[in-house]
Amino acid sequence: MRETIVLYPSPLRGHIVSMFELGRLLRKRHPRFSIIIILSSGSFAAAPIASSSSITVLHLSSSAAPAAAQPDQTPFDLARQDTSNLRLALAAIAAAADLRALIIDFFSDAAFPVAAALGIPTYYYFTSGAFALAVFLHFPTLHGSTSKSFKDLGDETVNIPGLPPIKAWDMPGGMLNRGCRIYGYFLDACRNMISSSGIIVNTCESLETRIISAIKEGSSVPDGPTPPIFAVGPLVESKVDGDGDGGHKRERRHECLSWLDSQPSRSVVFLCFGSEGRFSAMQLKEMASGLERSGVRFLWVVRPPPQDASAKSMSGSNDDEDASLEKFLPEGFLERTRERGMVLKSWAPQMQVLSHGSVGGFVTHCGWNSIIEAVHAGVPMVAWPLYSEQKVNRAFLVEEAALALPLSMSGEDGFVSVDELAKQVTELMTGSGEGKVVRERVSAARDGVVEALSDGGSSQVSLAAVAELWKRG
C-alpha cells in the first residue's frame, strides 16, 4: 500500500492556500508519499482548489441540514461539525492506504481527538511564524498563572520566554476573554498542539533564529516536553494570482499592474489589509489625507467601512460593497491624487503587486501570509495590525526583526492620525531614519529566505527530517 499523508486545513482561505503549498512541497521533495487534502464542509466557498495529478482533494459533505450562520460562529465550530464525517474519511483512507500521518492546523483542532482514537500520528501545521507559536505554546502556562482575562489587564506586560514583553491587550483576540467560548477552544488547541507528534511551522531558521532556538530548548513549555519543531517555510502561493490573505481571482492581467508599469522603480507604497480588514469612514478619510500629505506615490486597496459606522477597525462582512468609494474619501481626493495614486476597491493581486519593481513599501495588517510575501519580494513594511494574532506579529516585525516601522495608535480602536501615517510612509519610502534600517534588514531577510528554501537549505533539511519520521512509521 502507498505511504500516504493526509492534510486537513481549517475552512479559512489563507490556511487552505498555505496547507496546499505544503502539500505541493511534499510531493515535489518527497514523491514517495501520496498526498490527500481533506476540505471541511465549510471550505467550498473559501478555496478554489481542485484535485490534480499529484494531490487528491476530498470534500467532506455536511452531516446536518444547512443552518443559518451564527454571528459568533468560529472556524473551530465549523471543524467540530465535521468530526463524524472526518472520522469516516480517515478510517476509509487508513483501510486503503498506508496512512503515516495527519497534518492539521490550529483551527481544525477538533480533528486531534478523532485521529488519536484511530491511532494516527498527528502533526500541527502552524501557518504563522515562530514568534506567534511561542505565544500559543506558552498560553496554557499563562492561563494557569492568573485568574484574570488579558482584556482586563490593559497595558500590563505579558512575559513569554524568548520574546520581548507584550502588552496584555495585544495578545491574540481569542485569548483575551476567559469568559468567551473561543477562549476555551484556544486553550484546548494549544494543549493538543503541545501533545502532538510535532509542529511544522511556516517560517525558516534565518528569519526567526533566536525564537526557534528558544522554543526547541523548551522555554515555551516549562511544564513538560516540547514537541519536535520543523521550520519548513516560509511558503507562499505558487501562482502569483492570489492575494495572500484576501480574495481570489483568476483573470487577465490586472489594471493596477499596468499602472505600476508606468511608475518609477521602488516609488510606490502599497496599502492592503487582507480580506477582512475594514476601517471606519472616519479612519478612511484620515488615511486618505495622510497619503495626500506625504506626497508619496501609492496603490491603495479600500474596502467599504462596516455599516454600523463605528469608529472601530474591525473584521467581518459588510453590506455596502457596491457603494462608491468617493463617499468614504475626502471630497476631491481622487482627482487631486490621480497623477500619483491609484485606489482599488476591495481586492488586488497582492503577490504580483509586491513583486513589481515599482513597489518600494507596504502598509500591512500584519497577517503572516502578507508578511512572508513581502519578505519574499524584499519589500519593507509599515505595521498596522487589526485583529487575530496580528499585534503579536507586529511585535516580531518591529521589535524583533526590524522589518517594519510602527504606527502610533490612539484609543482602544487603534486610530491612526493623518500626521502619523504621513510621517511613517515618508520615512519608509525615502529611506530616512529608521526607514533605512528597515530596508536593509528586509533585503537581508529576503536573501536568507531564498537560501533556506534552496537545495540543502535549512527549510529543506527540516522537511526531510519530518519526512524521515513518516518513512519510519
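Everything that follows concerns the structure shown earlier in this document.
In what follows, the accompanying structure is described. The model shown is predicted, which means the values in this text are computed figures rather than measured ones. (Residues numbered from 1 in each chain as written. Predicted model: local features only at pLDDT ≥ 70, side-chain atom pairs only at ≥ 80, totals over all residues. Heavy atoms only, no water.)

**Structural notes on the sheet that holds strand E11 (residues 297-302)**
Then comes step 1: With parallel pairing, six strands are arranged side by side in an open sheet as E12-E11-E10-E13-E14-E15. The open sheet has two edge strands, strand E12 (341-345) and strand E15 (404-405), and neither has a second partner.
Then comes step 2: Direction of pairing for strand E10 (residues 268-272) relative to strand E13 (residues 359-364): parallel, over a ladder of five bridges. The residue bridging phenylalanine 270 from the neighbouring strand is phenylalanine 362, located in E13.
Then comes step 3: Running at roughly 130° to strand E14 (residues 381-383), helix H13 (residues 390-400) makes contact with E14 and E15 of the sheet. (Pairing = 2+ DSSP bridges. Helix = DSSP H or I, 4+ residues; strand = E, 2+ residues; numbered from the N terminus. Contact = heavy atoms within 4.5 Å. Axes fitted to C-alpha atoms, helices over the stretch in contact; angles between N-to-C directions.)

**Considering the layout of surface pockets**
Then comes step 1: Volume-wise, the second largest pocket comes out at about 310 Å³.
Then comes step 2: If one sorts the elements of the lining of the second largest pocket by residue count, helix H1 (residues 13-29) sits on top with five residues.
Then comes step 3: Within the lining of the second largest pocket, the residues separate by chemical class into seven nonpolar, three polar and five charged. (1 Å grid on protein atoms, 1.4 Å probe; cavity = no way out; pocket = protein on both sides within 12 Å on 5 of 7 lines; lining within 4 Å. Points joined across faces, edges and corners; volume = space filled by probe spheres on them. Nonpolar A, V, L, I, M, F, W, Y, C, P; charged D, E, K, R; others polar.)

**Topic: the packing of aromatic side chains**
Then comes step 1: Per the counting criterion, the structure on display carries 22 aromatic pairs.
Then comes step 2: In this structure an aromatic cluster arises from ring pairing among Phe76, Phe106, Phe107, Phe126, Phe136, Tyr185 and Phe186.
Then comes step 3: Looking at arginine 32, its charged tip hangs above the ring of phenylalanine 33, at a distance of 5.9 Å from the centre. (Phe/Tyr/Trp six-rings, centres within 6.5 Å; stacked < 30°, edge-to-face > 60°. Lys NZ or Arg CZ within 6 Å of the ring centre and 35° of its normal.)

**A word on the pairing of strand E2 (residues 34-39)**
Then comes step 1: With five of its six residues buried, E2 lies for the most part within the structure.
Then comes step 2: Note: strand E1 (residues 3-8) against E2, four bridges, orientation parallel. The residue bridging leucine 7 from the neighbouring strand is isoleucine 37, located in E2.
Then comes step 3: Between the parallel pair E1 and E2, the chain is carried across by H1, and the sense of this crossover is right-handed.
Then comes step 4: With five bridges connecting them, E2 and strand E3 (residues 55-59) associate as parallel partners. Residue pairing in the sheet places isoleucine 35 in a bridge with isoleucine 55 of E3. (Buried < 20%, exposed > 50% of the residue type's maximum accessible area, 1.4 Å probe, protein only. Right-handed = clockwise from strand over helix to strand, strands pointing away.)

**Some remarks on the environment of glycine 290**
Then comes step 1: Its location among the elements puts glycine 290 in helix H9 (residues 281-294).
Then comes step 2: In sequence terms glycine 290 and serine 417 are 127 residues apart; their C-alpha atoms lie 7.5 Å from each other.
Then comes step 3: Apart from the residues within four sequence positions on either side, glycine 290 is in contact with Val418 and Ala422.

**Considerations on empty space enclosed by the protein**
Then comes step 1: Inspection of every chain in the model, using the stated rule, returns three cavities of 30 Å³ or more.
Then comes step 2: Of the volumes computed, that of the largest cavity is approximately 80 Å³.
Then comes step 3: In this structure, the largest cavity is lined by Phe273, Gly274, Gly277, Arg278, Phe279, Leu284, Met287, Trp300, Val301, Val302 and Arg303.
Then comes step 4: Those elements that provide at least two residues to the lining of the largest cavity are H9 and E11.
Then comes step 5: Per element, the largest residue contribution to the lining of the largest cavity is three residues, and it comes from E11.
Then comes step 6: Residues that form the lining of the largest cavity fall into these classes: seven nonpolar, two polar and two charged.
Then comes step 7: Considered as a void within the structure, the second largest cavity measures approximately 60 Å³ in volume.
Then comes step 8: As for the second largest cavity, its lining consists of ten residues, of which Val17, Val236, Glu237, Asn369 and Glu373 are closest to the centre.
Then comes step 9: At the level of secondary structure, the elements contributing two or more residues to the lining of the second largest cavity comprise H1 and helix H12 (368-377).

Spatial relationships are all this shows, so hold off on functional conclusions.
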